[in-house]
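Working through the structure, step by step
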Amino acid sequence: MHATEAIVTGKPVARTRRRAGGLISPPARGQRDGRRISYRLWFALPAIALTVFFFGLPFIANAFLSFTKWTGFSSTISFNGLDNFISLSKLGILGHATYVTVVYAVITMLAQNVVALMMAKALQSSNRLNTFYRSLFFAPVLFSPLAAGYIWSAMLAPAGPINGFIGLFVPGFHFAWLGEQSTALIMVALIDAWKWSGLVTLVYISGLNTISRSVIEAAVLDGASAWRRFRSIEMPLLAPAFTFNVVLTLVGSFSALDIIFSTTKGGPGDATEVLNFAVYNQYGQGLFGTSSALSFMIAILVMITAVPLIWYLRKREVHE
Amino acid sequence: MTTHMPRRVAVFAAAGASTALLLAGCAGGAESTGSVDLSSDAPTGVTLTMWHSSADSQALLDLYAAYEEASGNTIDFVDLPNDTAPAAVQTKWATGERPDILQYNPSPQDMAQLNMSENMIDISALDYVADSKLSNVAGTIDGVTYGVVLGPVSVYGLYYNKDVLAAAGLDTPPQNAADLLAACSAIQSSGSDASAVFMGGGSEWPSMMLPGFAYMGDANQGNAYGEAVAAGDVKVNDDGSPVETGLQMVVDLREAGCFNDDYSTATYEESLKALLDGTTGMTVLPSDQIAELYAAADAATVDATVGFTSFSAETGVPSYNAGPFGSYFAPKTGDAEKERAAVDFLDWITTEGYQGYVDQAQIVPTISTADAGSLSGLYAEAAELLQRDDATIGFNASIPGFGNFGGIAVKVLVGQSTPSQGVDDWQVFIDQAIAAQQ
């Protein structure tokens, strides 16, 4: 079969090679594999270059600077071992900010995925009304995170509309949602979840729509209830979307700053002081080495969370 | 395996090279061009870059324009968001970027963060230094002056609503901690709906005003306390620490129900509004906010409604500070012509251009060659405090690691820390900052 014929028919061309004298036997398997890898590498090259320059090198530089005395007070940078980490630990920043970051990320991830999965089920069918609602729920994704934070600050203010609404049922209701330690972290995490749920919902909708209708119809014929179909068929087959969403939302939340900046500025006290906010505070005081150490902690946190999480979630993925 | 080694080596070499480049950039500090020769003519037709706050007053903007007209030089402005200006300066500075003129906080502890001796031009030879008493405590570090301070100089004091205090039977506003608690009790007993003291904890910085900037006036006479802490002779968590008693006053006020209900989330803007509409009796803020009050209502209403007085732990000693507004430095950039022009800018705004600025800005002049205009209302009350003999520089001026005090004050305010824990925590931050400077 000629190559043109293959394009028309869609059938693969026989793997043969010509020399001046006629047909020759196909190359050895190892040789073929090597060429295939080399061919793919060319396509991967831009991604590899971008990763090296925009992740690899900054990561190495940041790791190095984490172990240096680098401040605005002096023009020299000197190696100081673990001093930055010890100092941050003594200040109570390292442990506290890591704890707050992890709690924030878990709340955000759970809220986003639970709400998004429910919305995806509700909006799965592609009709005009659902298209409208999908667009509506996606709109917050397009908002600036800072704007979203400022809007919710006003909504959650003690004299704001949310307390006003609750006050219709509970006269005199007054509560500083962002001013109480017990609720501030939860509220900012939920604002973050609200901001990005539309995106996660779309991933779940596309995941649900890739499940073959014949599988669902077979289950219906077998008498499976809606809940049983969701639990035993859709959930397992949604595993790739689940993997993507869980990792994206969890790891993304480790880098949270903008919404916290525009709502609580890390407060009340340090109740919402995530690692990135601590980085900002240290940097603002000219303590660049300790700031780098905190940034390094974020990178480590992302790696020790993402790698095993992806491995575990990929392992449980099933395919039709 | 062996074929992979060179690649790995190359990757690490590239990373190393990039790190080295980064460090070279970060190590910052333009090559010093030495001191500027003030006897030479200042250049004209030069374009100077200035980093300044986006919230500069009209009087300052007009001053810049007047300099451009007088000198023939042009200023290219880089606006920094006011709330995050210090961090924005640090970020740009750390990458080695330098403006020709920098608007920046002139307190010694803030100046130290930019490593003045290596990065700024020494302007000790300017007439300004001899003509400004303030240059002894602001814009100067280790006896060398690097920055000029035009003002406004903020004085920390207690704003009060005259009607609320009168309704509570208070003829004079409180000027110390004990009187403040008594005034709170009187307002509560009067049956007024107004909160006794407004605290804008949501903006963070107002939470430092009452227990820190204002309360510490007695302890920091002549900047004694701040300098002792900076030298390590005194710890803020020593027994009987005035910082701890200041924080304890906040706890006492909170537990007595003296603050507004939303003290943890309210902003300073809301405190000004509450003062004017009589929903609070008092609040402690810097005199910077006077302009905001006059912007919110007509002058007659503000003067009839609001008063401003000194406040400290015991005797009502006023504290003051020069902030970044109206404070300028000339960084070393390596361009001799621009450095000379930048110093010319500092010289002009403190000599020929200064009186016009003082008149327009309605401020107490920081330079003896200028005359104070006729000030009225709250401006006159603030000026009177500023000119008192016992007025002292704010306790923050010299304390390294002061940037953490705001967070600590908020934690105490909202009950997350006790005053004792607060000063312990702060001392650790101070130790960190002192170590960073060594």
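The notes below deal with the structure included here. (Residues numbered from 1 in each chain as written. Chains lettered and ligands numbered in written order. Predicted model: local features only at pLDDT ≥ 70, side-chain atom pairs only at ≥ 80, totals over all residues. Heavy atoms only, no water.)

**Observations concerning the side chain of Thr-68 of chain A**
Note the following rule: Runs of H or I in DSSP of at least four residues are treated as helices and runs of E of at least two as strands, each being numbered from the N terminus. The contact definition used throughout considers only heavy atoms, calling two residues in contact when any of these lie within 4.5 Å.
Tracing the backbone shows Thr-68 of chain A in strand β3 (residues 68-69). Ignoring any residue separated from it by four or fewer positions in sequence, one finds Thr-68 of chain A in contact with Ile-77, Ser-78, Phe-79, Asn-80, Asn-84 and Gly-289 of chain A.

**What about the state of the cysteines?**
Such a bond, covalent and formed between the sulfur atoms of two cysteines, is termed a disulfide. Residues and elements named next belong to chain B. Here is the rule we go by: The disulfide criterion used throughout: a pair of cysteine sulfur atoms within 2.5 Å.
Using the criterion set out here, one finds 1 disulfide over all chains in the structure. Each disulfide pairs two cysteine sulfurs, and for Cys-184 the partner residue is Cys-258, the sulfurs being separated by 1.9 Å. Around the S-S axis, the bridge from Cys-184 to Cys-258 shows a dihedral of about -100 degrees and counts as left-handed. Highlighted residues: Cys-184 in helix α8 (residues 177-189) and Cys-258 in the loop between α11 (242-255) and α12 (268-277), separated in sequence by 74 residues.

**Describing the packing of helix α6 (residues 145-156) of chain A against helix α8 (residues 181-209) of chain A**
Residues and elements named next belong to chain A. Defined as follows: Helix axes are fitted only over the stretch in contact, all axes being lines through C-alpha atoms; the angle between N-to-C directions runs from 0 to 180 degrees. Angle categories: roughly parallel below 35 degrees, roughly antiparallel above 145, roughly perpendicular from 65 to 115, and oblique for all the rest. Take the far helix as your reference; a near helix turned counterclockwise from it by less than a right angle gives a left-handed crossing, and one turned clockwise gives a right-handed crossing. Residue polarity is assigned by list, with Asp, Glu, Lys and Arg as charged and Ala, Val, Leu, Ile, Met, Phe, Trp, Tyr, Cys and Pro as nonpolar; anything else, Gly included, falls into the polar class.
At a closest axis distance of 11 Å, the pairing of α6 and α8 adopts a crossing angle of 130 degrees. One way to sum up the angle between α6 and α8 is to call them oblique. The two elements α6 and α8 cross, and the hand of that crossing is right-handed. On α8, the residues that touch Pro-145, Ala-148, Trp-152 and Leu-156 of α6 are Met-187, Ile-191, Trp-194 and Lys-195. Grouping the amino acids of the contact of α6 with α8 by side-chain chemistry returns 7 nonpolar, no polar and 1 charged.

**Digging into the interface of chain A and chain B**
The line we're drawing: Buried area: the sum, over both parts, of the accessible surface (1.4 Å probe) that disappears when the two are put together. For salt bridges, the criterion is a side-chain nitrogen of Lys or Arg within 4 Å of an Asp or Glu carboxyl oxygen. Any N or O atom pair separated by 3.5 Å or less is treated as a polar contact, with the protein-specific requirement of one donor-capable and one acceptor-capable atom, and with residues adjacent in sequence counted only for side-chain atom pairs.
Tallying the contact residues gives 37 residues for chain A and 37 residues for chain B. For the chain A face of the interface with chain B, the top three residues by lost area are Phe-73, Ser-75 and Gln-285 of chain A, together amounting to 21%. Our enumeration of links across chain A and chain B arrives at 1 salt bridge. A salt bridge links Lys-411 of chain B to Asp-270 of chain A; the shortest N-O distance between them is 3.0 Å. At the surface where chain A touches chain B, the tally comes to 10 residue pairs in polar contact (both at pLDDT 80 or more). Listed by contribution, the elements that provide at least two residues to the side of chain A that touches chain B are α2 (29-65), α3 (83-90), α13 (275-284) and α14 (288-315) of chain A. Per-element accounting of the side of chain A that touches chain B gives the leading share, 5 residues, to α2 of chain A. Grouping the constituent residues of the side of chain A that touches chain B by class yields 20 nonpolar, 14 polar and 3 charged.

**Here we look at the sheet that holds strand β1 (residues 47-53) of chain B**
Residue and element names in this part refer to chain B. Test applied: Two strands qualify as a pair provided that DSSP identifies no fewer than 2 bridges between them.
Strands sit in the order β2-β1-β3-β12-β6 across an open sheet of 5 strands; the sheet is mixed. Of all the strands in the sheet, just β2 (74-80) and β6 (147-149) have a single pairing partner and so form its edges. If you compare each strand with its neighbour and ignore which way they point, the axes differ by 20 degrees on average. Direction of pairing for β6 relative to strand β12 (residues 327-329): antiparallel, over a ladder of 3 bridges. Following the sheet pairing, Val-148 is matched in β12 by Tyr-328.

**Description of helix α10 (residues 226-237) of chain A**
Residue and element names in this part refer to chain A. Which entries qualify depends on this criterion: An expected span of 1.5 Å times one less than the residue number is assigned to each helix. Using a 1.4 Å probe on the protein chains alone, a residue whose accessible area is under 20% of its type maximum counts as buried, one over 50% counts as exposed, and one in between counts as partly exposed. Here the arc refers to the set of directions running from the helix axis out to each C-beta atom.
With 12 residues, α10 extends 15 Å from end C-alpha to end C-alpha; this agrees with the ideal 16 Å at 1.5 Å per step. All buried positions along α10 are accounted for by Phe-230, Ile-233, Glu-234 and Leu-237. Taken down its axis, α10 places every buried residue within 125 degrees of arc, on the same side. Buried positions along α10 lie against α4 (93-122), α8, α9 (213-221) and α11 (239-254).

**Examining empty space enclosed by the protein**
All names here are of chain B. What counts is decided by this rule: Note on definitions: the grid is 1 Å and covers protein atoms alone; a cavity is a set of points where a 1.4 Å probe fits but cannot get out; a pocket is an open set with protein on both sides within 12 Å along at least five of seven lines; lining residues have an atom within 4 Å of a point. Grid points are joined across faces, edges and corners, and a volume is the space filled by probe spheres set on the points.
On inspection of all chains with the given rule, the structure shows 3 cavities of 30 Å³ or more. Lining the second largest cavity are Val-197, Phe-198, Met-199, Gly-200, Pro-206, Met-209, Leu-210, Thr-283 and Val-284. Elements with a minimum of two residues in the lining of the second largest cavity: α9 (206-214) and β9 (280-286). If you tally residues by element for the lining of the second largest cavity, the top one is α9, at 3 residues.

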